[in-house]
Amino acid sequence: MILLPDMPFGVSWIIKLAVSLIIVLISFGYVNLRGLIKNTAVFFMISFCFCGFMLFVWFIFTPKGMVVRNSVVYFSISPVVMIITTVICYAVISVLTRITERPPPKNEICRIRVINNNHYSEFYGKSDTGNTLCEPFSNIPVIVVNESAVKETAEEEFKKLMYMKEPECMLKGKYRLIPFHSVGGSGLLPAFIPDEVYINNVCCCKRVYIAVCRNTILEGEIKAMVNPEIIEAVKDDCDDSCKII
């Protein structure tokens, strides 16, 4: 862009929009149109912030070797300075990430047993740091499970809610419709509180909602996504008396 001759404003923006879409697609891939628009909007927002900072530097300091052409900022920086500043920036970002990043749970893959209505289901789940889903009113954490994994333990009333035949039954005790938002979209997941939940043969003393997803959320043997808060609760709050013998 810097090496091209001066271009009209409209042409410049069309080219930049195309380049921005390519950058976003390379970085995040394509899930749906909504996700692409959202990621591109965030990309432009960050670019606008950078542009404002560069204008501040330009008008206040007017540094030598700084050129703005076709709305692109160019700095005449030596390779040595570029390498040193890159290493420093990488080190600072790494330290900040280690300080602020949430530590991943130790048990990433866990065996889950759900007991409800004198029936039980057993399957494998994955602790996902991106799954912070909770029931909005009680703030009870949620395990999102494929329908096939808990079909036997779900009560008939809950199955009506799951297929939206009688949504009013969600008001009866332990049934809820839990709103969710993800890159793939948003909606409502039918959920229930089971009688008991075991994680790796240890009883979860904390109340847990089992949200049923009719679409396949994970492939293979992994049938559920577990809120890490549940793993931590099992580790911290349960004692040996809760273990299955």
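These numbers come from a predicted model, not from an experiment.

Definitions and cut-offs
Residues numbered from 1 in each chain as written. Predicted model: local features only at pLDDT ≥ 70, side-chain atom pairs only at ≥ 80, totals over all residues. Heavy atoms only, no water. Helix = DSSP H or I, 4+ residues; strand = E, 2+ residues; numbered from the N terminus. Buried < 20%, exposed > 50% of the residue type's maximum accessible area, 1.4 Å probe, protein only. Contact = heavy atoms within 4.5 Å. Areas by Shrake-Rupley, 256 points an atom, 1.4 Å probe, with all protein chains shown as cover. Expected span 1.5 Å × (residues − 1). Core = buried A, V, L, I, M, F, W, Y, C linked by side-chain atoms within 4.5 Å. Pairing = 2+ DSSP bridges.

K.L.:
Which parts of the structure should I look at to understand the overall build of the protein?
P.N.:
Helix and strand counts for the protein come out as five helices and eleven strands. In the protein, which comprises 245 residues, the proportion classed as buried is 30%. Long-range contacts, defined as pairs at least 24 residues apart, comprise 61% of the intrachain contacts of the protein with a sequence gap of at least 6. For the protein, the computed accessible surface area is about 16300 Å², with 63% contributed by carbon and sulfur atoms.

K.L.:
What exactly am I supposed to notice about helix H2 (residues 33-60) here?
P.N.:
Because an α-helix packs 3.6 residues into every turn, residues spaced three or four apart end up facing the same way. An ideal rise of 1.5 Å per residue puts 40 Å on 28 residues; H2 measures up with 41 Å between its terminal C-alpha atoms. In this structure, the buried side of H2 is in contact with helix H1 (9-28), strand S1 (66-69) and strand S2 (72-75). Immediately downstream of H2, the backbone of threonine 62 shows phi near 45 degrees, a positive value.

K.L.:
Before we go on, may I ask you to explain the nonpolar core in this structure?
P.N.:
Burial of nonpolar side chains together is a common tendency in soluble globular proteins. By size, the foremost hydrophobic cluster in this structure holds 24 residues, and its most contacted members are Ile112, Phe123, Ile143, Val145, Ile199 and Ile210. Counting residues per element, the ones that place at least two in this core are strand S3 (109-116), strand S5 (142-146), strand S8 (196-199), strand S10 (209-213), strand S11 (222-226) and helix H5 (228-237). Among the nonpolar cores identified, the runner-up in size contains eleven residues, and Ile178, Tyr209, Ala211 and Cys213 belong to it.

K.L.:
Which parts of the structure should I look at to understand the pairing of S8?
P.N.:
Bridge count for S3 against S8 is four bridges, and the pairing is antiparallel. Across the sheet, the residue bridging to isoleucine 112 is isoleucine 199, located in S8. Here S8 runs beside strand S9 (residues 202-203); their pairing, made up of two bridges, is antiparallel. Bridging across to S9, tyrosine 198 finds its partner in cysteine 203. Joining the antiparallel neighbours S8 and S9 is a turn of two residues, in which asparagine 200 adopts a positive phi near 50 degrees.

Honestly, it's all geometry; don't read function into it.
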